[in-house]
Amino acid sequence: MYLFSRFVSGFTLQNLPVTSFEESYTQLFGDKNLFVHKDGKSVRLTLDERTGSGFVSNDLYLHGLFSASIKLPSDYSAGVVVAFYMSNGDMYEKNHDEIDFEFLGNIRGKEWRIQTNIYGNGSTHLGREERSNLWFDPTEDYHQYSILWSDSHIIFFVDNIPIREVKRTASMSGHFPSKPMSLYTTIWDGSKWATNGGKYGVNYKYAPYVAKLTDLVLHGCAVDPIEQFPKCDEGADEDIRAAQEISPSQRVKMGAFRRKHMTYSYCYDRNRYKVALPECVVIPAEAQRLRVHDPVTFGGIPRRHRNGKHRSRRSRVVGTESI
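Here is what the cut-offs are and how they apply
- Residues numbered from 1 in each chain as written.
- Predicted model: local features only at pLDDT ≥ 70, side-chain atom pairs only at ≥ 80, totals over all residues.
- Heavy atoms only, no water.
- Phe/Tyr/Trp six-rings, centres within 6.5 Å; stacked < 30°, edge-to-face > 60°.
- Helix = DSSP H or I, 4+ residues; strand = E, 2+ residues; numbered from the N terminus.
- Buried < 20%, exposed > 50% of the residue type's maximum accessible area, 1.4 Å probe, protein only.
- Lys NZ or Arg CZ within 6 Å of the ring centre and 35° of its normal.
- Pairing = 2+ DSSP bridges.
- Axes fitted to C-alpha atoms, helices over the stretch in contact; angles between N-to-C directions.
- Contact = heavy atoms within 4.5 Å.
- Salt bridge = Lys/Arg side-chain N within 4 Å of Asp/Glu carboxyl O.

Engineer: Got a minute to help me understand the packing of aromatic side chains in this structure?
Structural biologist: Two descriptors summarise a pair of aromatic rings, namely the distance from one centre to the other and the angle between the planes of the rings. If you walk through the whole model with that rule in mind, you get 14 aromatic pairs. Plain terms: the ring middles of Phe-101 and Phe-156 are 5.2 Å apart, the flat faces sit at 80° to each other, and that makes the pair edge-to-face. You can see Phe-101 sitting in strand S11 (residues 98-104) and its partner Phe-156 sitting in strand S15 (residues 153-158), a full 55 residues away along the chain. Phe-156 shares its class with Phe-101; the two are buried. Cluster of aromatic residues (ring-pair linked, three or more members): Phe-101, Phe-103, Tyr-145 and Phe-156. Lying over the aromatic face of Tyr-264, Arg-131 brings its terminal NZ or CZ to 4.4 Å of the ring centre. We note Lys-179 situated over the ring of Tyr-92; from NZ or CZ to the ring centre the distance is 5.1 Å.

Engineer: How should I be thinking about the sheet that holds strand S10 (residues 80-87) in this particular structure?
Structural biologist: In sheet architecture, strand pairing relies on hydrogen bonds along the backbone and comes in two forms, parallel and antiparallel. In spatial order, the strands read S5-S8-S17-S10-S11-S12-S13-S20; together these eight strands make up an open sheet with antiparallel pairing. Only two strands of the sheet have a single neighbouring strand rather than two, namely strand S5 (25-29) and strand S20 (262-265). Direction aside, the axes of adjacent strands within the sheet are offset by 15° on average. The sheet contact formed by strand S8 (residues 53-57) and strand S17 (residues 182-189) spans four bridges and is antiparallel. Looking across to S17, one finds that Val-56 is bridged to Tyr-184. Each of strand S13 (130-132) and S20 touches helix H3 (residues 248-261); the most contacted strand, S20, lies at about 90° to it.

Engineer: I tried to follow the pattern of salt bridges on my own but got confused; where do I start?
Structural biologist: Pairing between side chains becomes possible if they bear opposite charge and their charged atoms approach one another. Within this structure, the stated rule accounts for 10 salt bridges. A salt bridge links Arg-50 to Asp-48, with the nearest nitrogen and oxygen atoms 3.7 Å apart. With a closest N to O distance of 2.7 Å, Glu-129 and Arg-272 form a salt bridge. Residue Glu-129 is found in the loop between strand S12 (113-119) and S13, and its partner Arg-272 is found in the loop between S20 and helix H4 (284-293); the two are separated by 143 residues along the sequence. The class of Glu-129 is buried, set by a relative accessible area of 11%.

In structure tokens form, the structure reads like this:
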């Protein structure tokens, strides 16, 4: 089974393999709250009063392209967390690596938010989170979320548009994920922190909460459990190298996304870090925009427009071209 020509960065990924659940994944938890469709390509994850649910890849990977098309639960979803991420925490309890896509639910009338984060070598005390809104309703249809991980880059994509790029730098030291990881997908109760710092928790009156997934992609270098040596899928090395080279047009789209939709970046969080972490590139216009959005977190007194009002909340933008 193959995806039809997917556009990632400045090149076309043709015949990107879609894996079946049975051959590539194992249920992690949730009993009957995980349901695999008869076609073997689509999965349903449910959170209810009893439990959440999740699954994990059978193989460990050292670099690759990892992707899923996901449709998130609708209606009231505060406290609900859907996570699509890579981790080796079960193998390295004190110095694990992680690359996260986390989808954070919200109260009725408010949009889901998307959070990305990385940890390297157990650096959990240094959160590198970014949070953004989306330019579409992720509960109405499936949208593709992808992670590129190479030895020098991590790039997060939404519908093949890069929304965040992390480059490995000398200043990051060992904080760049560098050990083999498994791919996980879960839905769970994050009432204590996910919505306004825990202000709004999961309301099981609206359960069950159902996340639907399809087009599961594991295109990378699986680590042989005996030889402990990565063996790459056919063409994976070339695809990984090509995908990490963001084209000028893709970089324009990434910049537009970040200007319009990013609401939080650890690089500007003055409550958390008096001095930005060394890999941060501080962009004055970005710093000012986030300061207006949240002056307490990002420091300083927000400037006001001449009419005395803060910048108005963005209107919803629909369609890729509007990013």
